[in-house]
Amino acid sequence: MSYETLTIMSRRLRLTVLAAGGPRILALHLDNGPNLLAETPNARWETPWGEFVLLGGHRLWHAPEAFPRSYWPDLNGPAAEQLDHGVTLRSAVDPGGIAKSLTVTLDPEQPRLHLQHTLTSHGLWPVELAPWAITQLAPGGKAILPLHNGQPPANPLLPNRQIAFWPYTPLPDPRLAFCDDFILINTAIAGPPAKVGAHSAAGWLAYLHQATLFIKRTVYQPAAHYPDNNCNLEIYYDRGCTELETLAPLCRLDPGASVSHTEIWQVIPWTDDLDQSDLFTTLAQRAAEMV
């Protein structure tokens, strides 16, 4: 089955989105290069409301994950609204009373995007949830999950690195390399599905694939409580894709209220062969410049 799409462009980037419903970003191209996002046409699940089709690319969910709630079919919905240098994508209201929207704005000159993810409650009672931004990237690259923000710990007697593993993650996993500052995941190595998350003040995730660096950043809120054992950054990986996921804090969303979660993406040609310590320092600097 094919779906109607819409393309928006800047000088360096070309973005393909669903023309209605979703919201979904299906493709991201730098300088007419290949699609950086994963394409997963065969990933689909039956739900009480019909078939949920993943498609790949970027989507907005709300945490915590649960079946079937998280897998509500969302490909039918309002038409996309084109903006200057961008687009707003909207879902229909799901059975729980939540509507999703995503406004994407492209930098006219630089390979950067600003994404505002919004959840709005149309229900009859408050719900606890968190906006959850999931970007599926083409498999075979190296994902970087930073464990801290690079600053000296305020108290060296207390822990400053917190990691969570999902039940299906095999350990030991040859795809995982644990470094002082980050976890490096080599998705070119074959293996079963796996997922790891962290509570990290860094607030960014990165992916190196075929001489291209994809980095996305969000705001870290140190006093807030996040889903999934307090994870604000998560990476899922299998043979078909690598997901970079950022989460907003859990909140009580009252009827008629909205909550938003912002990301900034940057795509950079990358040929540097850095060792692990230089890699973290360089990526942290790049992320800091994205504010």
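Preceding block: the structure.
Residues numbered from 1 in each chain as written. Predicted model: local features only at pLDDT ≥ 70, side-chain atom pairs only at ≥ 80, totals over all residues. Heavy atoms only, no water.

(A) Region of the structure containing a negative patch on the surface. Among the surface-exposed residues, Asp272, Asp273, Asp275 and Asp278 lie close enough to one another that they form a single negatively charged patch. For Asp275, the location among the structural elements is in the loop between β22 (258–269) and α2 (276–289). A residue is classified by how much of its surface remains accessible, and Asp275, at 43% relative accessible area, is partly exposed. (Patch = residues over 30% accessible without salt bridge, like charges linked within 9 Å, V, L, I, M, F, W, Y side chains within 5 Å. Areas by Shrake-Rupley, 256 points an atom, 1.4 Å probe, with all protein chains shown as cover. Salt bridge = Lys/Arg side-chain N within 4 Å of Asp/Glu carboxyl O. Lys, Arg positive; Asp, Glu negative; His and termini not counted. Charge placed at Lys NZ, Arg CZ, Asp CG, Glu CD. Helix = DSSP H or I, 4+ residues; strand = E, 2+ residues; numbered from the N terminus. Buried < 20%, exposed > 50% of the residue type's maximum accessible area, 1.4 Å probe, protein only.)

(B) Local environment of the environment of Gly140. Of note, Gly140 is situated in the loop between β11 (127–137) and β12 (142–146). Look at Gly140 and you get partly exposed, because its relative accessible area is 38%. It is 40 Å that separates the C-alpha atoms of Gly140 and Ala257, two residues lying 117 residues apart in sequence.

(C) Main features of the sheet that holds strand β7 (residues 81–83). Strand order in this open sheet of 10 strands is β7-β8-β9-β10-β22-β18-β17-β12-β15-β14, and the pairing throughout is antiparallel. One side of each edge strand has no neighbouring strand; the edge strands of this open sheet are β7 and β14 (176–178). Between one strand and the next, the sheet's axes are offset by a mean angle of 15°, whatever the strand orientation. As defined by bridge partners, strand β9 (residues 98–106) adjoins strand β10 (residues 112–121) across nine bridges and the pair is classed as antiparallel. Within the sheet, the bridge partner assigned to Ser101 lies in β10 and is Thr118. (Pairing = 2+ DSSP bridges. Axes fitted to C-alpha atoms, helices over the stretch in contact; angles between N-to-C directions.)

(D) Representation of the pattern of salt bridges. Taken as a whole and assessed by the stated rule, the structure comprises 12 salt bridges. Among the ionic pairs, Arg90 bridges to Glu81, the shortest N-O distance being 3.3 Å. Of the residues examined, Arg90 reaches a relative accessible area of 33% and is grouped as partly exposed. Salt-bridge contacts for Arg175 lead to Asp173; the nearest nitrogen and oxygen are separated by 2.9 Å. Classification of Asp173 by relative accessible area gives buried; the value is 7%.

(E) Region of interest: the nonpolar core. Grouped together as the largest cluster of nonpolar side chains are 36 residues, with contacts concentrated most on Leu15, Ile25, Leu28, Val104 and Leu113. In this structure Leu28 touches Leu13, Arg14, Leu15, Pro34, Asn35, Leu36, Leu37, Leu113, Phe214, Trp265 and Val267, once residues within four positions along its chain are discounted. Counting residues in hydrophobic clusters, the runner-up holds 18 residues, among them Ile144, Trp204, Trp270 and Phe280. (Core = buried A, V, L, I, M, F, W, Y, C linked by side-chain atoms within 4.5 Å. Contact = heavy atoms within 4.5 Å.)

(F) Looking closely at the side chain of Thr169. On the secondary structure map, Thr169 appears in the loop between β13 (162–165) and β14. When its relative accessible area of 9% is taken as the criterion, Thr169 is described as buried. At 2.8 Å, the side chain of Thr169 and the backbone oxygen of Lys195 are in polar contact. Apart from residues no more than four positions distant in its own chain, Thr169 is found in contact with Pro193, Ala194, Lys195 and Tyr237. (Polar contact = N/O pair within 3.5 Å; in protein donor to acceptor, adjacent residues only side chain to side chain.)

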